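The primary structure of each chain is shown beneath.
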Amino acid sequence: MEVALVHGRGGEGWTMPLPGGAVAYHPDLAAAVTAIEADARQSSNPSGGAREVGERAGTASGADGAGAGVAEKERVEDRHADPDPGGPGRPDFGHGHPDSPRWVLADAAHDYPPLLQAGARLDRCRDLRLAERILSRVEGREPPAVTAESDPDAGTLFEREPEPVDGPAILVRLQATWLDQRRRTAAADLPGLGTLLAAESAGALVAAEMSRTGVPFDRGVHDRLLRDLLGPRPTKGMRPRKLQALADKVIDAFGHQLNPDSTKQVLAAFHAAGLDVKNTHSWELASVDHPAVEALKVYREHARVWSAFGWNWADAWVSETGAPGAGADPAPADRGRFRPVYMVGGADTGRWGTDGGGALQLPHAVREAIRAEPGWKLVAADAAQLEPRLLAAISGDRAMIAATAADDLYTELAPRLGGERSKAKIALISAMYGGTAGDAAQLVQLMKDRFPAAFHRVESAARTGEKGGLVRTWLGRTVPAPGERWWQTLNSEDGIRAATGRGRFTRNFIVQGTAAEWALVLLALLRRELHERGLGELVFFLHDEVVVHCPATHADTVGAVIEQAAEAATRTLFGDMPVRIPLRPKVVDSYSEAK
DNA sequence: AACGTCAGCGCC
DNA sequence: AAAGGGCGCTGACGTT
């Protein structure tokens, strides 16, 4: 087995060719990174002309089936032989040039940022850590816990091994893991699994790139929003003036001192006022007639913005512009970029999470501060009613698939689901989430009558989950198997509750998880297209919406590209099935104008 | 002082 | 507006 260490321009760290044009990569030691940084400084184009690492290292690999001039037909055939394909005709969603390898990384979240820092861009990759989790769960197991012991740098890739491995030896481990995963992917015999692994890995690249790019953010606007809501920024340890006034209103309403942040004190205060409330949730208090209720509600809303998305938050998460694209104009002083850390596959369903920054919970109250830079626009696009559309697709319910032709699915279905749009919405959401309260039970019954295939799909997922079984998304992402404790307590009261809860989870999993993978494929295709055509930068992703930052002159083109990517994502998952999943792009200056 | 859990609520 | 799956983040509170 040939092992190559590629120095300088084009390749960094340890690499080793693998079958099928893939290249194992490991960022060996700080020394290699230092060398890259020195090189990047010399080449003096850290942003606009990011180098394609793949373009050079591919020649170093000399791997089979990857020579220049390979006919398109052969490439397609090769894809069919490959258990790890990507998008249509383009393995792993990269641009698919013959000399562009698939980089096999132990953990892109760890290994890719230094490469980005050095000015490199990976076209496509396989993330072994993310793939391992997906494959383990397909097999009904839990992936090994991520601990210091299983740190790839210590040479123990998904297995505990006492002796450290370093230098080229790590590549042997990477290769073994990759081959093992290929074998398991093929053995799983799930037609979408290769696409899922490719999309997850592409997502890892997108996440690292987006964290680096950041969301354009206007500190001045943010400060103005906060001042309007809270008053001027207070000195440390003090509440903002307007927030303190709200706290005083709560105190006045109760007629005695208390801390409105303390649920214990608030609950006691309601009890002292002769009101028998179980807790202080907003919905529990909604039916309570007491002057403190409204004051408390407003206090909590504002306190939330202050503590979670206020000045301290901006200090911690908004950094200098460093705009990769918006080069020419010097950015105004209060411009910055919000740079959250994304966790690909952070939720079991495959949705992303964040590790700090709260990017996935940005309140609408501060979204006005997310603003395009001068001469640029934000193109924000969200998929309307993504989950019910995917329920139609995965269940094969013909009547519901036909209804996805409409822009507003709920209005389209209303005549058959209770008459009003709002009732159709409850019927669908309750079917997908397992709701039973209020009108829900009756409306779900309507679902059963009018759309039996769709109804059966979520019901059987719930039944499987209650019994401890496994359910999978369209592409094959699989729920975690129940733990030992789940089985042991099965017949107790707690066990029954846990089983019902798991049923609700698996019911929702097939829909939410398929939505997550559709969005992942969309992101992967969009990333490739934006880069190939040099149109703009992906800056934000939130479950079913994307935001691209681009020069104003490109905005309409970007909108069209986003719509095309959505259509391509739908075809990647569902082929000729006549399901429609529209994505509505909107060109705006501020994120608050979207939606 | 540091850490974990809970209640509550932000987003999809 | 409700119903209800998935998250992250906060301050309070209880424990070490």
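Conventions used here
- Residues numbered from 1 in each chain as written.
- Chains lettered and ligands numbered in written order.
- Predicted model: local features only at pLDDT ≥ 70, side-chain atom pairs only at ≥ 80, totals over all residues.
- Heavy atoms only, no water.
- UniProt positions renumbered as here; feature names shortened; annotations may be inferred.
- Near = heavy atom within 4 Å.
- Polar contact = N/O pair within 3.5 Å; in protein donor to acceptor, adjacent residues only side chain to side chain.
- Helix = DSSP H or I, 4+ residues; strand = E, 2+ residues; numbered from the N terminus.
- 1 Å grid on protein atoms, 1.4 Å probe; cavity = no way out; pocket = protein on both sides within 12 Å on 5 of 7 lines; lining within 4 Å.
- Points joined across faces, edges and corners; volume = space filled by probe spheres on them.
- Domains from an automatic or database assignment.
- Nonpolar A, V, L, I, M, F, W, Y, C, P; charged D, E, K, R; others polar.
- Pairing = 2+ DSSP bridges.
- Axes fitted to C-alpha atoms, helices over the stretch in contact; angles between N-to-C directions.
- Core = buried A, V, L, I, M, F, W, Y, C linked by side-chain atoms within 4.5 Å.
- Buried < 20%, exposed > 50% of the residue type's maximum accessible area, 1.4 Å probe, protein only.
- Contact = heavy atoms within 4.5 Å.
- Phe/Tyr/Trp six-rings, centres within 6.5 Å; stacked < 30°, edge-to-face > 60°.
- Lys NZ or Arg CZ within 6 Å of the ring centre and 35° of its normal.

An unreviewed UniProt entry annotates chain A as DNA-directed DNA polymerase originating from Glycomyces tritici. On record in UniProt, under Catalytic activity (unreviewed entry), the comment for chain A is "DNA(n) + a 2'-deoxyribonucleoside 5'-triphosphate = DNA(n+1) + diphosphate".

Caption draft 1: Structural view of the protein's contact with DNA strand B. The full set close to DNA strand B counts 20 residues, and Thr280, Arg351, Gln361, His364 and Asp544 are the nearest of them. At the protein interface, 81% of the atoms of DNA strand B within 4 Å belong to sugar or phosphate. The side chain of Arg351 places a nitrogen or oxygen atom 2.7 Å from a base oxygen of DNA strand B. Side-chain polar atom of Asp544 to a sugar or linking oxygen of DNA strand B: 2.6 Å apart, as the coordinates give it. The element best represented in the surface near DNA strand B is helix α12 (residues 291–309), accounting for 3 residues.

Caption draft 2: View of the layout of surface pockets. If you add up the space inside the second largest pocket, you get close to 480 Å³. Considering the residues around the second largest pocket, the lining is formed by 25 residues, among which Ala383, Gln385, Leu386, Asp544 and Lys595 are closest to the centre. Among the secondary structure elements, those contributing two or more residues to the lining of the second largest pocket are β13 (376–383), α14 (386–395), α17 (421–433) and α21 (493–533). Ranked by residue count, the leading element in the lining of the second largest pocket is α17, at 5 residues. Per-domain counts for the lining of the second largest pocket show at least three residues from each of domain 3 (332–385 + 516–593) and domain 4 (387–514).

Caption draft 3: Local environment of the protein's contact with DNA strand C. Asn259, Ser262, Gly356, Ile426 and Arg504 are the nearest of the 28 residues found near DNA strand C. Taking all atoms of DNA strand C within 4 Å of the protein, the share assigned to sugar and phosphate is 70%. In this structure, a phosphate oxygen belonging to DNA strand C sits 2.8 Å away from a side-chain N or O atom of Asn259. Within the side chain of Ser262, one N or O atom sits 2.5 Å away from a phosphate oxygen of DNA strand C. If one sorts the elements of the surface near DNA strand C by residue count, α21 sits on top with 4 residues. The class makeup of the residues in the surface near DNA strand C is 7 nonpolar, 14 polar and 7 charged.

Caption draft 4: Geometry of the sheet that holds strand β14 (residues 537–541). Across the sheet, which stays open at both edges, the 4 strands sit in the order β14-β15-β13-β16 with antiparallel pairing between neighbours. Two strands close off the open sheet at either side, each with one partner strand: β14 and β16 (583–588). Pairwise comparison of adjacent strand axes, ignoring direction, gives a mean angle of 25° for this sheet. Pairing of β13 with strand β15 (residues 545–551) involves 7 bridges; the strand directions are antiparallel. Pairing of Val379 across the sheet is with Val548, part of β15.

Caption draft 5: Quick peek at the nonpolar core. One finds Phe270, Trp352, Met447 and Trp518 to be the most contacted residues of the largest nonpolar core, which totals 145 residues. Here this core gets 14 residues from one element, more than from any other, and that element is α21. Residue contacts for Trp518: discarding those within four places in its chain leaves Ala383, Leu386, Leu390, Ala566, Ala569, Thr570, Leu573, Ile581 and Leu583. Val104, Ala106, Leu128 and Trp178 belong to the second largest nonpolar core, which has 6 residues in total.

Caption draft 6: Structural detail: the packing of aromatic side chains. Under the defined criterion, the tally for this structure stands at 10 aromatic pairs. On the basis of an interplanar angle of 65° and a centroid distance of 5.6 Å, the ring pair of Phe217 and Trp313 is categorised as edge-to-face. Placement of the pair is Phe217 in strand β8 (residues 215–218) and Trp313 in helix α13 (residues 311–317), with a sequence separation of 96 residues. Overall, the relative accessible area of 1% leaves Phe217 in the buried class. An aromatic cluster of three or more residues is present, and its members are Phe217, Phe309, Trp313 and Phe338. When the ring centre of Trp486 is taken as origin, the NZ or CZ atom of Arg502, which lies over that ring, is 5.7 Å away.

Caption draft 7: Here's a closer look at the environment of Arg371. Counting through the fold element by element, Arg371 comes out in the loop between β12 (353–354) and β13. The spatial distance from the C-alpha of Arg371 to the C-alpha of Arg337 is 9.8 Å, given a sequence separation of 34 residues. In this view, Arg371 contacts Pro216, Phe217, Asp218, Val221, Arg335, Leu378, Asp589 and Ser590; residues no more than four positions away in its chain are not counted.

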